[in-house]
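# Chains, contacts and geometry: an overview
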Amino acid sequence: MPVRLDPRAKLYLLLLSNLTLFLHVSLRAEILLVILLLFLFFLSGKLKSGIRMTIIYSALVGIDFFVIPVAEGLLLNFLSMLSVGIRMMLPCIISGAYAFSTTTVGEMVCGLRKLNVPECIIIPCVTVVRFFPTIAEDYRQIRSAMAFRGIATGNVALLRHPAQSLEYILMPLLMNSNNVAQDLSVAAMTKGISLPGQHTSMIELKMTPFDVLYMLTCTIPFILFLGGVL
Amino acid sequence: MIESINCSFRYQNTETDALKALDIKIATGECIVLCGKSGCGKTTLTRLLNGLIPSFFSGELTGLCSTFGLDPRISAIEDYVPLVGSVFQNPKTQYFNVDTTAELAFPCENAGMSSDVIQKRVTDCAADFGLEHLLHRSIFKLSGGEKQRIAFGAACILHPKLLVLDEPTSNLDYKAIAELHDMIAKKKAEGITIVIAEHRLAWIADLADRFCLFENGMLRGQWNADEFRALPLATLQAMGLRPLCTTQYHQQAIEKSQLPSSGKNPLISAVNLSVGYGKKSPVYDVTHFQICKGEIVGLMGHNGIGKSTLAKTLCGLLKPVSGSITPAKEKERLKNSFMVMQDVNYQLFSDSVREEVMLGATKPELCDQVLSALGLTNLADRHPMSLSGGQKQRVAIASAMLSGKEFIVLDEPTSGLDYYHMTKVAQLLNQLKEQGAAVLVITHDEELAAGWCDRVIYL
């Protein structure tokens, strides 16, 4: 049985990993946090992503330990700088990837409602999630239509006339999005999106002791760093 | 019950009334079909009944139109939510959620029901309509028919007294329509009032209690089910309506699928073709296919069976998974093909109709001739996006004619069209044919296939 955290706990971890980035937490504290975060992938049954993230992070830490101390020359120095930059962002990417790949829209909405986030923020979030796949599909359709007209066939041609291509892609995309937006609003209104009063969720979310425990454990490296231990 | 007395409505920024002095009474439990040509006012009436007018579509409303005591001039759209459930035309754009279960739960969540009540409603609704296998699915992976069934379920979830359906079947195949029919029959048996605006009349003929014909915003006539069924086909066609019985067309379409290809020099032919996206998942296999210049071939089959994928492969947009096509090179096929998409909005790029049809044209000297043949001369300087759906489609067909390409594919050109406009499109197909093009029509419309295609291929 895969174990998944409460969306609110995920939100907290995302915040925590952002803090570690902005406050330049020491490498040791960062490694501890990342181990805890990676463990979540394996707990929720996302083995593939877990292994991939582990390999990437270990490689970057390896560069930190073994390459950077002996790095000479401009190019090598630049490359190691880059690797450090990516490594420092990885905690955010890992917690973000975990949050996105294990949370359904329903859970997200329910979590946000429990945090008393107003509907005027929740609804646009849901709409964005709903819209993205549509745009990808629209883009494919428009590219086909352009191919029949002999406009910018193939990816190279897109780059050769960027302004023209942008116009040919954006015009139909925007016009179509406008239609979809109207249809969606109409459908949502007849389903009561504008009803006054507290909106509820079908899914029930409860913070378990495990959620709280995990949040606290993940905070320990951060606190130890602030206290000057790590 | 629903009552409208001397009700008129004019949309903002338009010149004429969309509804004129409408007097109609609909008793509780009645099933009413609103019919008439596109733009006749039937969609406007559905919007009045579910409160979208004037809350969302603003304009000038006079007279009375009450839906179970709600007056659109006083009541807000929210007041209508518990009383009226709505299903719309396009299955792609009436979903607010990414997940089917969430979509069913959505109205209940908005109404502030508690979690266990919502769960019970969703389970009951799924059990009632046999939707269990569709729960917890991504809507992007459902067929049009499945989407429309979920939309109907969501419309019923708050137990409304009135169901309003606006052309719910225009994108559906026969099997999906039959399933939707059974869902509506169930609701009718429960005594729910049902109002359907629809072009295709055959599937609903046994459920309808009354047919209302609209013309230019006015209610032209009303027939009860028996009277309406007794009307001869010619009368229906003169009113611009589709037939009440399509068995004959179904037969003819099947007979046409037995016909061999007429010409000896096929423009495009394929042998042992397997089409799809990627080698692992071929969508459909075709042992033999050919199309010649000067013939109209209908391509029919269920939603999602692979009609579009086959057409895209023949056009050169996709590589075949296996098998051979002549001409073999995708680029060569693409150069000689044009597709008029179901959603023409994707293929309009320019600022004016004239520029649009001249874009990529190889026969620019024919421009005026083609524009006048398609009745677009007066619209030549308009922005394509400002046109109506049918006009946009004609612009796309004009582009196809001027492109000088020989293989023209039309994807569902008559979906959501009344008889009058369907025949107009059919005449355009004939014009393409007379120009010497090979025309492939992807369609669910058996009337079109039977009447105007030279041959039919069933996938």
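Above this text you will find the structure in question.
First, a word on what this report is: a plain description of the structure on this page. (Residues numbered from 1 in each chain as written. Chains lettered and ligands numbered in written order. Predicted model: local features only at pLDDT ≥ 70, side-chain atom pairs only at ≥ 80, totals over all residues. Heavy atoms only, no water.)

## Re the overall build of chain B
- For chain B, the helix and strand inventory stands at 17 helices and 17 strands.
- In terms of overall dimensions, chain B is globule-like: its C-alpha atoms have a radius of gyration of 23 Å, near the 23 Å expected for 459 residues.
- Projected onto the principal axes, the alpha-carbon positions of chain B cover approximately 65 × 50 × 45 Å.
- Put simply, chain B has 459 residues, and 57% of those count as buried.
- Put simply, of all contacts in chain B between residues at least 6 apart along the chain, 71% involve residues at least 24 apart. (Helix = DSSP H or I, 4+ residues; strand = E, 2+ residues; numbered from the N terminus. Rg over C-alpha atoms; globule rule 2.2 N^0.38 Å. Buried < 20%, exposed > 50% of the residue type's maximum accessible area, 1.4 Å probe, protein only. Contact = heavy atoms within 4.5 Å.)

## So, the sheet that holds strand S14 (residues 337-340) of chain B
All names here are of chain B.
- Here we have five strands laid out as an open sheet, ordered S14-S15-S16-S12-S17, and parallel in their pairing. The sheet terminates laterally at S14 and strand S17 (455-458), the two strands that pair on one side only. Sheet twist, expressed as the average angle between the axes of neighbouring strands with direction ignored, equals 20°.
- Of the strand pairs in this sheet, S14 and strand S15 (residues 407-411) are connected by four bridges, and their pairing is parallel. The residue of S15 that forms the bridge with Met-339 is Val-409. (Pairing = 2+ DSSP bridges. Axes fitted to C-alpha atoms, helices over the stretch in contact; angles between N-to-C directions.)

## Focus on the packing of helix H6 (residues 119-149) of chain A against helix H8 (residues 162-190) of chain A
Residues and elements named next belong to chain A.
- In the contact formed by H6 and H8, the axes pass within 10 Å of each other and the chain directions differ by 140°. Taken together, the axis directions place H6 and H8 in an arrangement best described as oblique. With respect to the hand of their crossing, H6 and H8 are arranged in right-handed fashion. Taken together, the residues of H8 that come into contact with H6 (itself represented by Arg-130, Phe-131, Ile-135, Asp-138, Tyr-139, Ile-142, Arg-143 and Met-146) are Tyr-168, Ile-169, Pro-172, Leu-173, Asn-176, Ser-177, Val-180, Ala-181 and Leu-184.
- A class-by-class count of the residues in the contact of H6 with H8 yields 12 nonpolar, two polar and three charged. (Parallel < 35°, antiparallel > 145°, perpendicular 65-115°, else oblique. Left-handed = near helix turned anticlockwise from the far one by under 90°. Nonpolar A, V, L, I, M, F, W, Y, C, P; charged D, E, K, R; others polar.)

## As for the sheet that holds strand S4 (residues 59-67) of chain B
All names here are of chain B.
- If you trace the three strands from one edge of the open sheet to the other, you get S2-S1-S4, paired in antiparallel fashion. The open sheet terminates on both sides in strands that have one partner only, identified here as strand S2 (19-26) and S4. Taking the axes of each pair of neighbouring strands and ignoring which way they run, one obtains an average angle of 20° across the sheet.
- For strand S1 (residues 2-11) and S4, the ladder comprises eight bridges, and the chain directions are antiparallel. Residue pairing for S4: Ile-2 is matched across the bridge by Thr-67.

## So, the interface of chain B and chain A
- At the junction of the two partners, chain B supplies 56 residues and chain A supplies 49 residues.
- Contact with chain A buries area across many residues of chain B, yet Phe96(B), Tyr346(B) and Phe349(B) alone supply 18% of it, more than any other trio.
- Taken together, the links from chain B to chain A amount to two salt bridges.
- Of the charged contacts, one joins Arg149(A) and Glu356(B) as a salt bridge, the two residues approaching to 2.9 Å between their closest N and O atoms. (Buried area = accessible area lost by both parts, 1.4 Å probe. Salt bridge = Lys/Arg side-chain N within 4 Å of Asp/Glu carboxyl O.)

## Overview of the nonpolar core
Residues and elements named next belong to chain B.
- Of all hydrophobic cores here, the largest spans 66 residues; its most connected members are Phe-407 and Leu-440.
- Considering each element in turn, this core owes the most residues, seven residues, to helix H15 (residues 389-402).
- Contact partners of Phe-407, with chain neighbours within four places excluded, come to Leu-267, Ile-268, Ile-291, Leu-314, Cys-315, Asn-336, Ser-337, Phe-338, Ala-438 and Leu-440. (Core = buried A, V, L, I, M, F, W, Y, C linked by side-chain atoms within 4.5 Å.)

## Quick word on the side chain of Ser80(A)
Residue and element names in this part refer to chain A.
- Relative to the helices and strands, Ser-80 is located in helix H4 (residues 74-102).
- A distance of 2.8 Å separates a polar side-chain atom of Ser-80 from the backbone oxygen of Leu-76.
- Sequence-distant contacts of Ser-80, that is, excluding residues within four places in its chain, are made with Ile-68 and Ala-71. (Polar contact = N/O pair within 3.5 Å; in protein donor to acceptor, adjacent residues only side chain to side chain.)

## Brief notes about the pattern of salt bridges
Residues and elements named next belong to chain B.
- Evaluated as defined, the whole model comprises 26 salt bridges over all chains.
- A salt bridge links Glu-406 to Lys-293; the shortest N-O distance between them is 2.6 Å. Placement of the pair is Glu-406 in the loop between H15 and S15 and Lys-293 in the loop between strand S11 (282-291) and strand S12 (296-300), with a sequence separation of 113 residues.
- Assessed through its relative accessible area of 25%, Glu-406 is described here as partly exposed.
- Across the salt bridge formed by Arg-354 and Asp-368, the nearest N and O atoms sit 3.1 Å from each other. With Arg-354 in helix H13 (residues 353-358) and Asp-368 in helix H14 (residues 367-373), the pair connects residues that are 14 residues apart, well separated along the chain.

## A look at empty space enclosed by the protein
Residue and element names in this part refer to chain B.
- Applying the stated rule across the entire model yields two cavities of 30 Å³ or more.
- In this structure, the largest cavity spans a volume of roughly 80 Å³.
- Taken together, Ser-170, Arg-200, Arg-242, Glu-412, Thr-414, Ser-415, Gly-416, Leu-417, Thr-443, His-444 and Asp-445 make up the lining of the largest cavity.
- A breakdown of the residues in the lining of the largest cavity according to their chemical character gives one nonpolar, six polar and four charged.
- By volume, the second largest cavity is sized at about 60 Å³. (1 Å grid on protein atoms, 1.4 Å probe; cavity = no way out; pocket = protein on both sides within 12 Å on 5 of 7 lines; lining within 4 Å. Points joined across faces, edges and corners; volume = space filled by probe spheres on them.)

## Some thoughts on H6(A)
- Taking 1.5 Å per residue, 31 residues should reach 45 Å; H6(A) reaches 44 Å between its end C-alpha atoms and fits that length.
- Approximately 30° is the largest bend angle found in H6(A), and it occurs at Phe131(A), with the proline Pro133(A) only one to four residues beyond. (Expected span 1.5 Å × (residues − 1). Bend = angle between axes of the 7 residues up to and from the residue.)

## Comments concerning the packing of aromatic side chains
- The tally for this structure, following the rule as stated, stands at 12 aromatic pairs over all chains.
- Each ring, one from Phe65(A) and one from Phe66(A), has its centre 6.4 Å from the other, and the planes form 50°; the classification is tilted.
- Note on Phe65(A): relative accessible area 48%, which makes it partly exposed.
- Given the relative accessible area of 66%, Phe66(A) is considered exposed.
- Aromatic side chains Phe9(B) and Tyr11(B) sit 5.0 Å apart centroid to centroid with 85° between the ring planes, which places their arrangement in the edge-to-face category. Side by side, Phe9(B) and Tyr11(B) carry an identical accessibility label, which is buried.
- Aromatic ring contacts, followed pair by pair, group Phe9(B), Tyr11(B), Phe56(B) and Phe57(B) into a single cluster.
- The ring of Tyr420(B) carries the charged tip of Lys37(B) above its face, separated from the ring centre by 4.5 Å. (Phe/Tyr/Trp six-rings, centres within 6.5 Å; stacked < 30°, edge-to-face > 60°. Lys NZ or Arg CZ within 6 Å of the ring centre and 35° of its normal.)

Distances and angles like these do not, on their own, reveal function.
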